[in-house]
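# Chain and residue survey
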Amino acid sequence: VCRGGRGRGGALGEGGALRRPVEVRKVHREKVRDLQYNPGGREFGTLSADGTLKVWSLEPLQPRSSVELIHREELVCLCVDPRRGLFAAGSESHVQLVDSRAARVQR
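Residues numbered from 1 in each chain as written. Predicted model: local features only at pLDDT ≥ 70, side-chain atom pairs only at ≥ 80, totals over all residues. Heavy atoms only, no water.

### Digging into the side chain of D50
- Residue position: D50 is located in the loop between β2 (43-48) and β3 (52-57).
- Comment: no salt bridge for buried D50; closest opposite-charge side chain is R29, at 4.4 Å.
- Of note is the side chain of D50, whose polar atom sits 3.5 Å from the side chain of H28.
- Once residues lying within four places of it in the same chain are set aside, the contact partners of D50 are H28, R29, E30 and R72. (Helix = DSSP H or I, 4+ residues; strand = E, 2+ residues; numbered from the N terminus. Buried < 20%, exposed > 50% of the residue type's maximum accessible area, 1.4 Å probe, protein only. Lys, Arg positive; Asp, Glu negative; His and termini not counted. Salt bridge = Lys/Arg side-chain N within 4 Å of Asp/Glu carboxyl O. Polar contact = N/O pair within 3.5 Å; in protein donor to acceptor, adjacent residues only side chain to side chain. Contact = heavy atoms within 4.5 Å.)

### Remarks on the sheet that holds strand β7 (residues 95-99)
- In space, the four strands of this open sheet follow the order β5-β6-β7-β8, with antiparallel pairing throughout. Whereas interior strands pair on both sides, the edge strands pair on one side only; in this sheet they are β5 (75-81) and β8 (104-105).
- Sheet analysis places β7 next to β8, joined by two bridges and oriented antiparallel. For V98, the partnering residue across the bridge sits in β8 and is V105. (Pairing = 2+ DSSP bridges.)

### Quick notes on the pairing of strand β4 (residues 62-68)
- Judged from the six bridges that link them, β3 and β4 form a sheet pairing that is antiparallel. Within the sheet, the bridge partner assigned to S57 lies in β4 and is Q62.
- The loop that links β3 with its antiparallel partner β4 comprises four residues.

### Notes on the state of the cysteines
- Considering all chains together, one arrives at zero disulfides under this definition.
- This cysteine, C77, is not joined by any disulfide, and C79 carries the nearest cysteine sulfur, 6.6 Å off.
- The partly exposed category is assigned to C77, whose relative accessible area is 36%.
- We classify C79 as partly exposed; its relative accessible area is 43%. (Disulfide = S-S within 2.5 Å.)

### So, the nonpolar core
- Within the largest apolar cluster, eleven residues are counted, these being L47, L53, V55, V67, L69, L75, L78, F87, A89, V98 and V105.
- When contributions to this core are tallied by element, the ones reaching two or more residues are β3, β5 and β6 (86-91). (Core = buried A, V, L, I, M, F, W, Y, C linked by side-chain atoms within 4.5 Å.)

No statement about biological role is implied by the geometric values presented.
So, in structure tokens, the structure goes:
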């Protein structure tokens, strides 16, 4: 799993040490802004500047769903509520809740 931002790159390798990526996937059309692990669902979400939030399964490592966000400008952060299975995608002026099970933005 790779994560980086604002000029800092990083990769989480075996044993939690920063190392080279074990695997690289190019699934988003633009750069990934944030990544959050949901231990409750054994999944993680990636938020991209392309305006999508992808929910990934861990085994096999692949996108399970892709959600086109309503507010797509200036997406900056992602967090997760493991109890509810919700991801919150934050932009400069909006927060959007995405249900990982239903693969849609909550209205």
